[in-house]
Amino acid sequence: MRLYLRTIGEQWRALLVLLACSVIEAVPAFATGWLVERAVSDGFQRGGIAFGIGALGVLLALFVVGALGSLLVFSRLGSVVEPLRDVLAGAVVRGVLGMRALPRSRIGESDVPGILRRIEDVRQATGLLLGRVRGLVVTAIAAMAGLFVFAWQLALIAVVPVLLSAAIVALSMPTLLTRQRDLALAHERAERSAADVFAGMRDVVSCGAEATAAASVCADVDRQERAALAVARVAWVRTVAVGFGVLVPFLGIGFVAPGMVAAGQLTPGAAFGVLCYLALGIVPAFGGLATTSGTAGKLFTALHGLGGGGRPDPLPAGSVAPAHTGLSLRGVTFRWGPEAEPVVDGLSLDLVPGDRLTVVGETGLGKSTFAALLMGQLEPERGRVLLGGEPVSRIAPAERHGIVGYLPSEPYLFAGSVRENLAVFSMCSRFARVPDGRLLASIAAVGADEVVERLGGLSGEIGHRNRGLSAADAQLLALARLYASSAKVVVLDEATSHLSAEAEARVERAFAGRGGILVVMASRQAPFPWQGRVLVLGVPGHARPQAAEIRTQDAEIGTQDAEIGTQDGEIRAQDGEIRARDGEIRAQDAEIRARGVEDRRDTAEPEFEHAIPRQARGGEEPRSGSTGRERINGADVPLGKQP
Amino acid sequence: MVDRREAGLLLLTALTVVAAAATLVAPYALAAVADSVRAGELDWPSLGLLLAAGAVQILASGAAALLAAGVTARLTARLRRGLTRQLCGFGTASPPGIGAARRGFSADCATAGTRPALLAALVSAVLVSSGSVVLLAILDWRLVAAFVLGVSFAVPLAAHARHNLDVTDADGVDGADLGEHRPASELSALLRQAVAGLRTIADSGITEHEARRVLRPLPLMHAAGADGWRTAARATWPARLAVPFTCFAVLCAAGFGVAVGRLTVGELLAACCYAALGLSVVTRIGLVGELARARASAGRVAELCAAPAPRAGTAKLPPGNGTIVLRGVSVGTTLREVDLTVRAGSAVAVVGRSAVGTEALAAVLGGLRPVDAGEVLLDGIPMAELAPAQLRSAVSYAPARPRLVGTSFADAIGYGSWAGSRAVGRACAAAGVGGLVARLPYGHHTSLRYLSLSEEETRRLGLARAIVRGPRVLIAERAHGADDLAFRSLRGKTRVVVTDSMTTAESADTVVWLAHGRVRAVAKHEDLLAQPAYRAVFAQGGPP
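Residues numbered from 1 in each chain as written. Chains lettered and ligands numbered in written order. Predicted model: local features only at pLDDT ≥ 70, side-chain atom pairs only at ≥ 80, totals over all residues.

Peer 1: Residues and numbers for the overall build of chain A, please.
Peer 2: The helix and strand tally for chain A stands at 20 helices and twelve strands. For chain A, buried positions account for 51% of its 643 residues. Counting only contacts in chain A whose residues sit at least 6 apart along the sequence, the fraction spanning at least 24 positions is 82%. (Helix = DSSP H or I, 4+ residues; strand = E, 2+ residues; numbered from the N terminus. Buried ≥ 20, exposed ≤ 12 C-beta atoms within 10 Å, placed from the backbone. Contact = placed C-beta atoms within 7 Å.)

Peer 1: So what's going on with the overall build of chain B? Which residues, and what values?
Peer 2: Regarding its fold elements, chain B presents 23 helices and ten strands. In summary, chain B has a C-alpha radius of gyration of 36 Å against a globular reference of 24 Å for 544 residues, an excess of more than 25%. Along the longest, intermediate and shortest principal axes, the C-alpha atoms of chain B span 115 × 65 × 45 Å. Evaluated residue by residue, chain B yields a buried proportion of 52% over its 544 residues. Partitioning the intrachain contacts of chain B with sequence separation of at least 6 by distance along the chain shows that 73% fall at a separation of at least 24. (Rg over C-alpha atoms; globule rule 2.2 N^0.38 Å.)

Peer 1: Outline the pairing of strand β10 (residues 518–523) of chain B, supporting the account with residue identities and numerical values.
Peer 2: Residue and element names in this part refer to chain B. Across five bridges, strand β9 (residues 510–515) lies against β10 in antiparallel orientation. By the bridge assignment, Ala-515 is partnered in β10 with Arg-518. Taken together, β9 and the strand that follows it, β10, pair antiparallel across an intervening segment of two residues, in which His-516 is found at a positive phi of about 50°. (Pairing = 2+ DSSP bridges.)

Peer 1: So what about the environment of Val-468 of chain B? Which residues, and what values?
Peer 2: Residue and element names in this part refer to chain B. Relative to the elements of secondary structure, Val-468 occurs in the loop between α19 (455–467) and β7 (473–476). When the 26 C-beta atoms within 10 Å are taken as the criterion, Val-468 is described as buried. With 49 residues separating them in the primary sequence, Val-468 and Ala-419 have C-alpha atoms 6.7 Å apart. Apart from the residues lying within four places of it in its own chain, the contact partners of Val-468 are Ile-413, Gly-414, Ser-417, Ala-419, Ala-423, Val-424 and Ala-427.

Peer 1: Can you explain the interface of chain A and chain B? Please cite residues and give values.
Peer 2: If you look at the interface, chain A gives 135 residues, while chain B gives 128 residues. With 30 residues, helix α7 (residues 210–263) of chain A is the single largest residue contributor to the side of chain A that touches chain B.

Peer 1: If you had to explain the packing of α7 of chain A against helix α2 (residues 44–90) of chain B to someone new, which residues and values would you point to?
Peer 2: Here α7 of chain A crosses α2 of chain B at 170°, and the two axes come no closer than 9 Å. In terms of their interaxial angle, α7 of chain A and α2 of chain B are classed as roughly antiparallel. Here the residues of the contact of α7 of chain A with α2 of chain B sort into 26 nonpolar, nine polar and eight charged. (Axes fitted to C-alpha atoms, helices over the stretch in contact; angles between N-to-C directions. Parallel < 35°, antiparallel > 145°, perpendicular 65-115°, else oblique. Nonpolar A, V, L, I, M, F, W, Y, C, P; charged D, E, K, R; others polar.)

Peer 1: Explain the nonpolar core to me, using residue names and the numbers behind them.
Peer 2: One recurring pattern in soluble globular proteins: nonpolar side chains tend to sit buried together. Within the largest apolar cluster, 359 residues are counted, with the highest numbers of intra-cluster contacts made by Val-274 of chain A together with Leu-30 and Val-250 of chain B. When residues no more than four places from it in sequence are discounted, the contact partners of Val-250 of chain B are Leu-143, Ala-146, Phe-147, Gly-150, Ala-271, Cys-272 and Ala-275 of chain B. (Core = buried A, V, L, I, M, F, W, Y, C linked by C-beta atoms within 7 Å.)

Peer 1: Could you give an account of the pairing of strand β1 (residues 324–331) of chain B, with specific residues and numbers?
Peer 2: Regular strands show a simple pattern: their side chains alternate between the two faces of the sheet. Residue and element names in this part refer to chain B. Note: β1 against strand β2 (residues 335–342), five bridges, orientation antiparallel. Looking at β2, one finds that Val-331 is bridged to Leu-335. From the end of β1 to the start of β2, which pair antiparallel, there are three residues, and Gly-332 there has a positive phi angle of about 50°. Pairing of β1 with strand β4 (residues 373–378), which is carried by five bridges, proceeds in the antiparallel orientation. Within β4, the residue paired with Leu-326 across the bridge is Val-376.

Peer 1: Report on the sheet that holds β4 of chain B, specifying residues and quantitative values.
Peer 2: The strands making up a sheet associate through hydrogen bonds between their backbones, and the pairing can be parallel or antiparallel. Residue and element names in this part refer to chain B. Strand order across the open sheet formed by four strands is β2-β1-β4-β5, with antiparallel pairing between neighbours. Since the sheet does not close on itself, it has two edges, and those belong to β2 and β5 (381–382), each with one partner. Relative to β5, β4 runs antiparallel, the two sharing two bridges. Looking at the pairing, Leu-377 lines up with Pro-382 of β5.

Peer 1: Summarise the confidence of the model for chain B; cite the residues concerned and give the values.
Peer 2: All names here are of chain B. Mean pLDDT over chain B: 85, with 93% of residues reaching 70 or higher. Helix α4 (residues 115–139) holds the highest mean pLDDT among the elements of chain B, 94, whereas helix α5 (residues 141–174) holds the lowest, 70. Overall fold confidence for the complex sits at a pTM of 0.80, while the interface term, ipTM, reaches 0.86. (pLDDT = per-residue confidence, 0-100.)

Peer 1: Describe the packing of helix α8 (residues 268–291) of chain A against helix α11 (residues 265–278) of chain B, naming the residues involved and giving the relevant values.
Peer 2: In contact at an axis separation of 11 Å, α8 of chain A and α11 of chain B are set at 10° when each is read in the N-to-C sense. The angle between α8 of chain A and α11 of chain B places the two elements in the roughly parallel class. For the pair α8 of chain A and α11 of chain B, contact is made by Phe-272, Leu-275, Cys-276, Ala-279 and Leu-280 of chain A and by Val-265, Leu-269, Cys-272 and Cys-273 of chain B, respectively. Here the contact of α8 of chain A with α11 of chain B is built from residues that sort into nine nonpolar, no polar and no charged.

Peer 1: Which residues make up the environment of Val-451 of chain A, and what values go with them?
Peer 2: Residue and element names in this part refer to chain A. Note that Val-451 resides in helix α14 (residues 449–455). Take Val-451: there are 21 C-beta atoms within 10 Å of it, and that puts it in the buried class. For the pair Val-451 and Ala-474, spaced 23 residues apart in sequence, the C-alpha separation works out to 8.8 Å. With residues up to four places along the chain from it excluded, the contact list for Val-451 reads Asp-473, Leu-476 and Leu-477.

Peer 1: Go over helix α1 (residues 4–39) of chain B with me, naming the residues and quoting the values.
Peer 2: For the α-helix, the turn length of 3.6 residues means that residues three or four positions removed from each other point alike. With 36 residues, α1 of chain B extends 51 Å from end C-alpha to end C-alpha; this agrees with the ideal 52 Å at 1.5 Å per step. Positioned one or two residues after α1 of chain B, Gly-40 of chain B has a phi angle of 75°, which is positive. (Expected span 1.5 Å × (residues − 1).)

Peer 1: Tell me what's going on with the confidence of the model for chain A, and back it up with residues and numbers.
Peer 2: Residues and elements named next belong to chain A. Per-residue pLDDT for chain A averages 76, and the proportion of residues at 70 or more is 78%. Low pLDDT (under 50) marks residues 540–607, which in the prediction has 92 contacts with non-local residues, meaning those over four places away or in another chain. Predicted confidence for residues 613–643 stays below pLDDT 50, and this span has 50 contacts to residues more than four positions away or in other chains.

Peer 1: Could you give an account of the sheet that holds strand β1 (residues 327–334) of chain A, naming the residues involved and the relevant values?
Peer 2: All names here are of chain A. Read across the sheet, four strands follow the order β2-β1-β4-β5 without closing on themselves; strand pairing throughout is antiparallel. Of all strands in the sheet, those with a lone pairing partner are β2 (344–351) and β5 (390–391), marking the two edges. Pairing of strand β4 (residues 382–387) with β5 involves two bridges; the strand directions are antiparallel. Its bridge partner lying in β5, Leu-387 is registered against Glu-390. Along the sheet, helix α10 (residues 367–374) contacts β1, β2 and β4; its crossing angle with β1, the most-contacted strand, is approximately 125°.

Peer 1: Please give an account of unusual backbone geometry that cites residues and values.
Peer 2: Of note in the backbone geometry, Glu-337 of chain B takes a positive phi value of approximately 45° without being a glycine. Tracing the backbone shows Glu-337 of chain B in strand β2.

Peer 1: So what's going on with the environment of Ala-26 of chain A? Residues and values would help.
Peer 2: Residues and elements named next belong to chain A. Note that Ala-26 resides in helix α2 (residues 12–43). Judged by C-beta crowding, with 22 C-beta atoms within 10 Å, Ala-26 ranks as buried. Spatially, the C-alpha atoms of Ala-26 and Gly-254 are 27 Å apart, while their sequence positions differ by 228 residues.

Rendered as structure tokens:
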């Protein structure tokens, strides 16, 4: 709303031009009473027909001039309204794209048409307000001004009731606006629930819930009906107020003027002219205004909707530069609500360049949430996430984006060339444009050469909605993009879920050999030794585990160690063959990595971190290396759940 | 006995007529008042008449508008409720298509609902216009001649404007492509794509870059929009002259009348008012088109509601454990004379190369698809004869791509059932979404719109929705991953799972192997495994 007003204000030059044109538009209304009176008093009544017709002809000519004025105004509307749309669209798009979309966006593709429709509504309503409504207001004001100049003695009687009714209209405005907004919301809600039910009819039927569905839609329809009636009631009050506001002046003049004329304070012509102003100027203008009263409500509703839907969550923008690219978690706890199960609880963990962490958890247990914590997109409830020794949320966004690279399972590719798509992470950062050689090298590294070749090389075009690309192709391209970026910490969130086992192995090898920290999220992946440490999120199959249950379950996992995979071993058994084959590849790979990267752990046995701590488990000795210490640190954080 | 709706319509008609009459009387009273003012004599009767006419006009037209809004809202709501009930009654039997249903609900019902109000407005315009002409004639027949002359100028002006507007409107539709709409839909497509990748954009800090890319069509929209305003301005400005022209003609004629003493000065003013009122039919001629559209919409709604609802069975289900028997069941060419017995309490896997065939079998077993020939017996009673409520409480269906209907997670899972929150929690755990739901800010009371669900999660929630009903039979459509969950849940009940996973087939008591619309074998997985054709079913079906 504020942005809207400011933008309108910024168009003051165009508005001034509109105002100047409005003056032309107002001329006929200003002159009506006077010219008609002259035509009658000095013309027709005295038999001067030619003079009378001449005066009326002048009036007609003024109307032509006025119409030309309105032509000028309307053809210039674009100069105010279109910049407004530009600014609004820019702000809304930036707001939407700058939103914290975590861990899953509350704004979806299906919201886009609604957002754009609201911008269009704002544009059209503004055009109507500045065009037609402004014209009517100008006409009414001009007629009142003419009346004032022409017969000031009667002006008070004529103008005060009109202004009073205008005041009532203005006072009822907030009520009207809120009720119109409620109506629009009720309307949207009813349409949405009906669309949901119609689209899910098969589900509704299979639930035997036809009556429930019909009842819920009907309830929304009823709500909409009541909202429409509420709007009509306010509109009625306004119509009646305006009606009497216009009627009373006629009565007042009919009552007062005869006496004044008889007393000689007023010429008969002047009194007649006042009636002409009222009947021919003010009445039609107010009648017109009554029919456009919905415009302001439309504008308000649309602006309100945009304010609610497109407001960016301000990301805490830090300004610190990290000293190094190591990642540390200190007693990190996060949950989505006070009643919710924690995603991580008192988790401590250190990752240095060359480290690799595999995060395992069933769908919906918070892998993406964990990724968002690592990247500073979410603030932990307790504890700290440190990147290079600094809290990750306090690091300057540009620095952070340069260091941490993230890839979700549904990669984002846009309509444009392959080169544009692959280089996008580097274009906005402080790093120079990525040379083609580097892009090609990363394409080769992740095994996306075939896809890129099919698209026609780096200059090949990717269509809207990834047309012509399979989900696997899109993932490969996104992996190549991330590989080419400057990221020192790479987070792959089920980023290889659509790839074949061979392609997946190749990608993992490529990223393992790339250096830096690698965090891989997987829903059901055997934590093989070469996958580095393994963090198990939640406990599969348990909705609300008691503390004891976590412990036993944890202990089980702890002792079973690498066999944790058996939890969903059934699924995996069938591609055991493939795994075995690529196990060889990975084993080689582990060797390469052992040579290439500084490795703190010589043991091939994987380490398990647990999102939910087990410090209450007496006698369990800390794990090897630095991680053990951190877990003890994590234990310092008080935990309400523990006995 | 007149019902409320008819009473409303009658009242609306009466108020419209009264308001029109008062509108016509007001200028006459005004003329008398104007003359009394000029004469300097207070004229109480005329003032009283003006007050009465004005007040009646304001109150009657205000009441008519309020009533019209009420009638519109009620009629729209009534049509929408009727349509919703009709479509829900139909279920999946013969749906008119989601698009048609949505259009019918949102657009057609709303347009059709405005019909009485439009009719009232048109009646009012016609009454006022014709009354004005008659009153002009009563004042002086020459005025009518002048009015006709003025109108013959004014109407072409108004018509010209309408024509121009129509042309621009038409341009807007197909020429959308030249101007306004193509860049707009381009922007929409770009923004949709960017919103789909919101997480990547937010996490990699490329907001500004992406915003610029999305906004690229904006200058084109700007230019097209500015053009549109100019075109509209050129098209409409002559229409503003219609009333001044007519009034000019009538005033000139009235001037003659005043000059020769046929008319008073007040009557001249009244004549001008009548001339403007006489044009109201011309200026509101658009109502005719709107009325035609409303009629067409009402026709479409009636068409959607006209088809008779399918006959529902009434039989009650005897106690049983969920045995389903198919006897010679055919569905088009996808299933041909299928004979099958699903034993109570068994876990059955349906496999087959053709997704269409296996899905059709699942739908038939779930009672969601009527059969063309043969019969489907649930615990001895033909499904078609069962009362719908009886059938649905006994047979649950977990679709491959469920659409969750309802507000919160609990609402969507217990949809249409009496399941309490503990039952919902157990069902969630059984379907493997307990962890997800437990991590939501308000547990299963969290709104469904709070987060976007992945396909897998949606499918599992659909499974939970099937489990929570505690049915005799659970039918699960082909799913990758969650299907053995269906076997692991509801132990002791009949479970039928369409699958392409060997693991699932292995854990089933019986495998039903469909080929070319017929049952090729019903046996244990191990026994079938020797046949290469059977193994080929799984080799081909993998994740897409």
